[in-house]
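Listed here are the chains, written in short residue letters.
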Amino acid sequence: MRVDLRVKYDVEARKAAIGLFELGHGYKSAAIALSLPVEAVRRWQEIYRAFGSEVLLRMDGKQGRYTYEQKVAAAAVVDGGMTKTEAMAAFGILSMSPLKKWCALYRRGGAEALRPRPKGRPRGFRARPRTREEELEGRCRRLEAEVAYLKKLRALVERDGL
């Protein structure tokens, strides 16, 4: 049996948390009753309020993929006064952290800041071959550095008497 290491707590713990949420418990009292970290239970409660128990039970630890339009719309409505939990429910966002990041980017740079960027290193240009003059200049700099190093070494030897 393969275990998904991205999911820290099993379905039974989430079922127990849902039961406590339905009884009216908050995330702090549920965390204490279940002996779980408060932050994990707080995130579960956000997801439970936004999407219901089905989504919370089938969480698999995979990151969601969101379109540029979803990001801009969600950040715009949160900036306009909607709560983050309501925006999560309206746009199908399963976690508060990407929404917070999108809102910060939207406030700093507008919709353009949320535009997708290419992944990885930028394609480098091919280095043009060096001319004879550039090769000689490089060799001259290298030899000058070597002479300066040897002069410094000689001065140190004379000073310390080695």
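Our structure's up above, just so we're on the same page.
Note that this is a predicted model, so its numbers are computed, not measured.

Enquirer: Talk me through the packing of helix H6 (residues 84-91) against helix H7 (residues 96-109); I want residue IDs and the actual numbers.
Expert: It is at 10 Å that the axes of H6 and H7 come closest, and there the two elements cross at 105°. The angle between the axes of H6 and H7 places the two elements in the roughly perpendicular class. Taken together, the residues of H7 that come into contact with H6 (itself represented by Lys84, Thr85, Ala87 and Met88) are Met96, Leu99 and Lys100. Here the residues of the contact of H6 with H7 are counted per class, giving four nonpolar, one polar and two charged.

Enquirer: Requested: an account of the packing of aromatic side chains, with residues and values cited.
Expert: All chains considered together, the criterion is met by two aromatic pairs. Ring geometry for Phe21 versus Tyr48: centroids 5.6 Å apart, planes at 40°, classification tilted. In this pair, Phe21 sits in helix H1 (residues 11-22) while Tyr48 sits in helix H3 (residues 38-51), placing the two residues 27 residues apart along the sequence. With a centroid separation of 5.2 Å and an interplanar angle of 80°, the aromatic rings of Tyr66 and Trp102 are classed as edge-to-face. One end of the pair, Tyr66, is in the loop between helix H4 (53-57) and helix H5 (68-80); the other, Trp102, is in helix H7, and 36 residues separate them in sequence. This pair shows no difference in class: Tyr66 is buried, exactly as Trp102 is. In this arrangement the basic side chain of Arg115 is found over the ring face of Tyr68, its NZ or CZ atom lying 4.3 Å from the centre.

Enquirer: Residues and numbers for the environment of Pro37, please.
Expert: Structurally, the position occupied by Pro37 is in the loop between helix H2 (27-34) and H3. Accessibility expressed as a relative area gives 39% for Pro37, which makes it partly exposed. With 74 residues separating them in the primary sequence, Pro37 and Ala111 have C-alpha atoms 35 Å apart. Apart from the residues within four sequence positions on either side, Pro37 is in contact with Tyr9 and Ala31.

Enquirer: Talk me through the packing of H5 against H6; I want residue IDs and the actual numbers.
Expert: Closest axis-to-axis distance for the H5/H6 pair is 9 Å, and the angle between their directions is 150°. Judged by the inter-axis angle, H5 sits roughly antiparallel to H6. The interaxial crossing formed by H5 with H6 has right-handed handedness. Side by side, H5 and H6 meet where Gln70, Ala73, Ala74, Val77 and Val78 of the first sit next to Lys84, Ala87 and Phe91 of the second. Here the contact of H5 with H6 is built from residues that sort into six nonpolar, one polar and one charged.

The rules we used
Residues numbered from 1 in each chain as written. Predicted model: local features only at pLDDT ≥ 70, side-chain atom pairs only at ≥ 80, totals over all residues. Heavy atoms only, no water. Axes fitted to C-alpha atoms, helices over the stretch in contact; angles between N-to-C directions. Helix = DSSP H or I, 4+ residues; strand = E, 2+ residues; numbered from the N terminus. Parallel < 35°, antiparallel > 145°, perpendicular 65-115°, else oblique. Contact = heavy atoms within 4.5 Å. Nonpolar A, V, L, I, M, F, W, Y, C, P; charged D, E, K, R; others polar. Phe/Tyr/Trp six-rings, centres within 6.5 Å; stacked < 30°, edge-to-face > 60°. Buried < 20%, exposed > 50% of the residue type's maximum accessible area, 1.4 Å probe, protein only. Lys NZ or Arg CZ within 6 Å of the ring centre and 35° of its normal. Left-handed = near helix turned anticlockwise from the far one by under 90°.

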